[in-house]
Amino acid sequence: MVKLSRRKFITKSIAIVPTIGLLTSCKSNLIASPLKGPIVVSTWDSGLEVNKVAWEILGKGGKAIDAVEKGANSIENQINCCVGLGGNPDRDGYVTLDACIMDENHNCGSVAFLEQIKHPISVARKVMEKTPHVMLVGEGALQFAMENGFVQEPKTLSKPAEKEYKNWLKKSEYKPIINIELGQGKEHFKNQDVPKKLENGNFNHDTMGLVALDSTFNLSGACTTSGMGFKMRGRVGDSPIIGAGLFVDNEIGAATSSGQGEEVIRICGTHLVVELMRNGNSPYEACKKAIERLVNINKKKARDFQVGFLALNKAGEYGAYAVQPGFSFSVTSSDNGGKTYNAESYFK
Ligand code: SD4
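No experiment lies behind these values; they were computed from the predicted model shown. (Residues numbered from 1 in each chain as written. Predicted model: local features only at pLDDT ≥ 70, side-chain atom pairs only at ≥ 80, totals over all residues. Heavy atoms only, no water.)

### Side note on the site of the ligand
Around the ligand, twelve residues are found, and the nearest of them are T207, R235, D238, S258 and G259. One nitrogen or oxygen atom from the side chain of D238 is found 2.6 Å from a nitrogen atom belonging to the ligand. Contact between the ligand and G259: a nitrogen atom at 2.7 Å from a main-chain N or O atom of the residue. Considering the ligand on its own, with 290 Å² of exposed area, one finds that the protein chains cover 100% of that surface. Here the residues of the shell around the ligand are counted per class, giving two nonpolar, seven polar and three charged. (Near = heavy atom within 4 Å. Polar contact = N/O pair within 3.5 Å; in protein donor to acceptor, adjacent residues only side chain to side chain. Areas by Shrake-Rupley, 256 points an atom, 1.4 Å probe, with all protein chains shown as cover. Nonpolar A, V, L, I, M, F, W, Y, C, P; charged D, E, K, R; others polar.)

### Description of the sheet that holds strand β4 (residues 135-137)
With respect to topology, eight strands assemble into an open sheet ordered β4-β3-β2-β6-β5-β1-β11-β12, the strand pairing being mixed. This sheet does not close on itself; its edge strands, each paired only once, are β4 and β12 (339-342). The sheet shows a mean angle of 10° between the axes of neighbouring strands, taken without regard to direction. Pairing of strand β1 (residues 39-43) with strand β11 (residues 328-333) involves five bridges; the strand directions are antiparallel. Paired with V41 across the strands is V331, a residue of β11. Running over the sheet, helix α4 (residues 64-76) touches β2 (97-102), β5 (207-213) and β6 (219-225) and is turned about 20° from β6. (Pairing = 2+ DSSP bridges. Helix = DSSP H or I, 4+ residues; strand = E, 2+ residues; numbered from the N terminus. Axes fitted to C-alpha atoms, helices over the stretch in contact; angles between N-to-C directions. Contact = heavy atoms within 4.5 Å.)

### Details of the nonpolar core
V41, V273, V307, F309, L312, Y318 and F329 are the most contacted members of the largest nonpolar core, which totals 49 residues. The biggest single contributor to this core is helix α10 (residues 283-297), with seven residues. Ranked by size, the runner-up nonpolar core spans 34 residues in total, among them I101, V127, L142 and F150. (Core = buried A, V, L, I, M, F, W, Y, C linked by side-chain atoms within 4.5 Å. Buried < 20%, exposed > 50% of the residue type's maximum accessible area, 1.4 Å probe, protein only.)

### A look at the packing of aromatic side chains
On inspection of all chains with the given rule, the structure shows nine aromatic pairs. Centre to centre, the rings of Y346 and F347 are 5.0 Å apart; their planes meet at 80°, and the pair counts as edge-to-face. Three or more aromatic residues joined by ring pairs make a cluster, and in this case those are Y165, W168 and F230. (Phe/Tyr/Trp six-rings, centres within 6.5 Å; stacked < 30°, edge-to-face > 60°.)

### Remarks on the sheet that holds strand β10 (residues 318-322)
One open sheet accounts for five strands, arranged β7-β8-β9-β10-β13; its pairing is mixed. The open sheet has two free edges, formed respectively by β7 (246-249) and β13 (344-345), since each of these has just one partner strand. Here helix α9 (residues 269-278) sits on the sheet in contact with β7, β8 (253-259) and β9 (307-313), set at roughly 145° to β8.

### Details of the packing of α9 against α10
For the pair α9 and α10, interaxial distance at closest approach is 8 Å and the crossing angle is 130°. Between α9 and α10, the angle falls in the class oblique. Every pair of crossing elements has a handedness; the one defined by α9 and α10 is right-handed. Here L272, V273, L276 and M277 of α9 lie close against α10, whose contacting residues are P283, A286, C287, K289, A290 and R293. Taken together, the residues that form the contact of α9 with α10 break down as eight nonpolar, no polar and two charged. (Parallel < 35°, antiparallel > 145°, perpendicular 65-115°, else oblique. Left-handed = near helix turned anticlockwise from the far one by under 90°.)

### Some words on the packing of α4 against helix α5 (residues 120-130)
With their axes 8 Å apart at the nearest point, α4 and α5 run at an angle of 150° to one another. Packed against α4, whose contacting residues are I65, D66, E69, A72, N73 and E76, the element α5 presents P120, I121, S122, R125 and M128 at the interface. Looking at side-chain class alone, the contact of α4 with α5 contains five nonpolar, two polar and four charged residues.

Spatial relationships are all this shows, so hold off on functional conclusions.
Okay, structure coming up:
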């Protein structure tokens, strides 16, 4: 593993994040001590496995951008999971994927409404590196993927998704569902089904967002999803939108989100979180303030949806906050070997 010049880094971090001294008073499970090496944080319990893959790169002194891509790839590979082609289809029975990626130089790439491609995050990276654009969608994104060597997969649904879809077809009721692990607040989710535990013991959810800081103090992030189950055909959520599902500012920090995409887009969620960190808030405080902003738009409506933000700053400190109980996140650094935490939430 590459040796860090810890003193140099902390000095640099304090200059960038002036409130660092205040952070230690916050709850220990929400704040890491200042950086002792690279770190990767990701949404949900399943992020732990994703982090392991990212860590194989970060732990050897590799780049954050490679780590987040490979981490995202690993969950896109799980055919009985929720995030890539194994996810729930739209209401017409097709799986459509959204993803975005951003590096330490404000380079970013994104795909939306992409079908039949196993690794949307890698297509997003190609958009970032090989085109003068940020975002490609639908047919155009598919064409670009195939021109760049990605294989067009069959349109078949995974076994769990097929079962869910058949179930949904019985009523064909249009009430978009986000699969999220729910905690005590589940009685509030009048518009959403309570997700089931998967055979492998994980809870189902649709999105993986991860952000990482590498040993050269560079930040990057990735976000990949099959989006809301049984959504309208053509619906795109927050996950492929830079500043909504993901934002990285290498001077300050990075953030990602999960939950009801429409609500995240409404407040440019992750951009807001990063700007709140720029103004001196810790990652935890920034996520909390962004969630409060969202809830205060319409408190009554907020009882019926879930959004969770997760942030990491340049000093390697992290934090999360959600509208409802049940949002979890995973953290891997050289200190902890990988841990999952439950985020605090607005509604208890
Ligand atoms: C979306 N934000 O499509 C995604 C859904 C999600 O866990 O996060 N699900 O709106």
